[in-house]
Amino acid sequence: MEDWIRIREGGVELRVRLMPRASRDGLQGLHGDRVKIRLTAPAVGGAANESLLRFLARLAKVPRSRIRIVLGARDRSKTLLLESPEPERLARRLRSSLEVAVDKRASRD
């Protein structure tokens, strides 16, 4: 079972572990029951949260306005809701993106 992603009515719930002030933006892999995301933005004044929302919008190919933080706005561990009329399709896209990121990381190590 994948605890980091759940299909909900009208969208996908995504559990993330944020790494602000990283050297570059990207998916890192899994961190327990969450997907680890690196961002160059600092965790100051909401900059990391805004960067996270923009990053996920590009990754998931959904409008930024359809993504919201539902838990952990002031934490590194967050739960987000990505609204979509086709949540199964969105979940497949996110799973695929994570697989690609993990494969790239494994090939570098």
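Refer to the structure printed above.
Anyway, here's the lowdown on the structure attached to this text. Residues take numbers from 1 onward in each chain, read along the sequence in its written order. Where totals are concerned, whole chains, interfaces and linings use all residues; where local detail is concerned, this predicted model gives features only for residues with pLDDT of at least 70, and gives and counts side-chain atom pairs only at 80 or more. The basis for every side-chain value is the complete set of heavy atoms in the structure, and neither hydrogens nor water enter the calculation.

## Some details on the pattern of salt bridges
Reasoning step 1: The salt bridge definition used is simple: a Lys or Arg side-chain nitrogen within 4 Å of an Asp or Glu carboxyl oxygen. This structure, assessed with the given rule, holds nine salt bridges.
Reasoning step 2: The shortest N-O distance in the salt bridge between E13 and R6 comes to 3.3 Å.
Reasoning step 3: The salt bridge involving E13 is made with R8; its shortest N-O contact spans 3.4 Å.
Reasoning step 4: We classify R8 as partly exposed; its relative accessible area is 37%. In this scheme, a residue with accessible area under 20% of its type's maximum is buried, one over 50% is exposed, and one in between is partly exposed, where area comes from a 1.4 Å probe on protein chains only.

## Section: the environment of T79
Reasoning step 1: A run of DSSP states H or I qualifies as a helix once it reaches four residues; a run of E qualifies as a strand once it reaches two. Both are numbered from the N-terminal end. Relative to the helices and strands, T79 is located in strand β6 (residues 77-83).
Reasoning step 2: T79 gets classed as buried once you look at its relative accessible area, which sits at 4%.
Reasoning step 3: In sequence terms T79 and L14 are 65 residues apart; their C-alpha atoms lie 5.6 Å from each other.
Reasoning step 4: In this structure, T79 is in contact with E13, L14, R15, R34, R68, I69, V70 and L71, ignoring residues within four places of it in sequence. It only takes one pair of heavy atoms within 4.5 Å for two residues to be counted as in contact.

## Looking at unusual backbone geometry
Reasoning step 1: Despite not being glycine, R21 shows a phi value in the positive range, around 60°.
Reasoning step 2: Counting through the fold element by element, R21 comes out in the loop between β2 (11-19) and β3 (26-31).
Reasoning step 3: Overall, the relative accessible area of 61% leaves R21 in the exposed class.
Reasoning step 4: Positive phi outside glycine occurs at K61, with the angle close to 60°.
Reasoning step 5: On the secondary structure map, K61 appears in the loop between α1 (47-60) and β5 (67-71).

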